[in-house]
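Breakdown of the fold
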Amino acid sequence: DTEVTQTPKHLVMGMTNKKSLKCEQHMGHRAMYWYKQKAKKPPELMFVYSYEKLSINESVPSRFSPECPNSSLLNLHLHALQPEDSALYLCASSPLDRGSYNEQFFGPGTRLTVL
Amino acid sequence: AQSVTQPDIHITVSEGASLELRCNYSYGATPYLFWYVQSPGQGLQLLLKYFSGDTLVQGIKGFEAEFKRSQSSFNLRKPSVHWSDAAEYFCAVGSPSGGYNKLIFGAGTRLAVHP
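Conventions and cut-offs
- Residues numbered from 1 in each chain as written.
- Chains lettered and ligands numbered in written order.
- Predicted model: local features only at pLDDT ≥ 70, side-chain atom pairs only at ≥ 80, totals over all residues.
- Heavy atoms only, no water.
- Core = buried A, V, L, I, M, F, W, Y, C linked by side-chain atoms within 4.5 Å.
- Buried < 20%, exposed > 50% of the residue type's maximum accessible area, 1.4 Å probe, protein only.
- Contact = heavy atoms within 4.5 Å.
- Salt bridge = Lys/Arg side-chain N within 4 Å of Asp/Glu carboxyl O.
- Helix = DSSP H or I, 4+ residues; strand = E, 2+ residues; numbered from the N terminus.
- Disulfide = S-S within 2.5 Å.
- Polar contact = N/O pair within 3.5 Å; in protein donor to acceptor, adjacent residues only side chain to side chain.

Description of the nonpolar core
Ranked by internal contacts, the top residues of the largest apolar core, which has 27 residues, are L19(B), W35(B), L47(B), L48(B), F74(B), L76(B) and Y89(B). For F74(B), the residues in contact, after removing those within four places along its chain, are C23(B), L33(B), F34(B), W35(B), L48(B), K49(B), Y50(B), V57(B), A65(B), E66(B) and F67(B).

Remarks on the pattern of salt bridges
All told, the structure shown has eleven salt bridges over all chains when counted by the stated rule. A salt bridge links D8(B) to R22(B); its shortest N-O distance comes to 2.9 Å. With D8(B) in the loop between strand 1 (3–5) and strand 2 (10–14) and R22(B) in the loop between strand 3 (19–21) and strand 4 (24–26), the pair connects residues that are 14 residues apart, well separated along the chain. A residue is classified by how much of its surface remains accessible, and D8(B), at 18% relative accessible area, is buried. Here the residues in one salt-bridge network are K36(A), R63(A) and D85(A), joined through shared partners.

Re the state of the cysteines
Summed over all chains, the structure comprises two disulfides over all chains. What pairs with C23(A) in a disulfide is C91(A), and their sulfur atoms sit 1.9 Å apart. With the S-S dihedral at roughly -70 degrees, the linkage between C23(A) and C91(A) falls on the left-handed side. Linking C23(A) in strand 3 (residues 18–25) with C91(A) in strand 9 (residues 87–94), this pair joins segments that are 68 residues apart in sequence. Taking the relative accessible area as the measure of exposure, C23(A) reaches 1% and is therefore buried. The residue that forms a disulfide with C23(B) is C91(B), at a sulfur-sulfur distance of 2.0 Å.

So, the interface of chain A and chain B
Facing 29 residues of chain A, the contacting portion of chain B comprises 21 residues. On inspection of chain A and its partner chain B, the count reaches two salt bridges. The residue E103(A) makes a salt bridge to K49(B) at a minimum N-O spacing of 3.8 Å. Across the contact surface, chain A and chain B share four residue pairs in polar contact (both at pLDDT 80 or more). Of all elements in the fold, only strand 4 (31–37), strand 5 (44–50), strand 6 (53–57) and strand 9 of chain A reach the threshold of two or more residues within the side of chain A that touches chain B. Broken down by element, the residue count for the side of chain A that touches chain B peaks at four residues, all from strand 4 of chain A.

Here is the structure:
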């Protein structure tokens, strides 16, 4: 299995809602990533997990809360979002071999709309 | 600081014509370089990568790229474009950190293909 899956594909939520995005991979990768992509822009890194521990938080607002419950799963919990948070949220995973090139595999994304 | 520049925001070619997408990078050490393609509303798919060795790399879908250290460039080429190649193309440089690559993306080039 060489794919990263993301659910849901689309999500519409109000500013007071709490929702979660889910990402799963079964390639044995020990690094997982969340990216945010606005229309006509490149992806922007939000978080990196390595060995299920948060390694990078790119100064993301606390209304986004990542979680890595095991080596195959990555969640992004959303609470009190703003309309400007509407975007495509991409998950990726990669091996964690020190000193080696480690390709990132991307999921199809979750299209989030905040009303 | 690392950066990636894609000078062409939008390119239009005729089906069957050749294609070259430009990418320039700024990076202190030997870079890990990537080209990704993204169809509308989809995730990113890796076309090809370079991290050492032969400076001309072959990728999927008939694409190739040439690494030129003297010009800090990693241009993507295809000899004959197909209508299905219409998409957004991102060049990225990988900044290794503890085993994972932090990807820095260029702004992207949108390719349109005329029949």
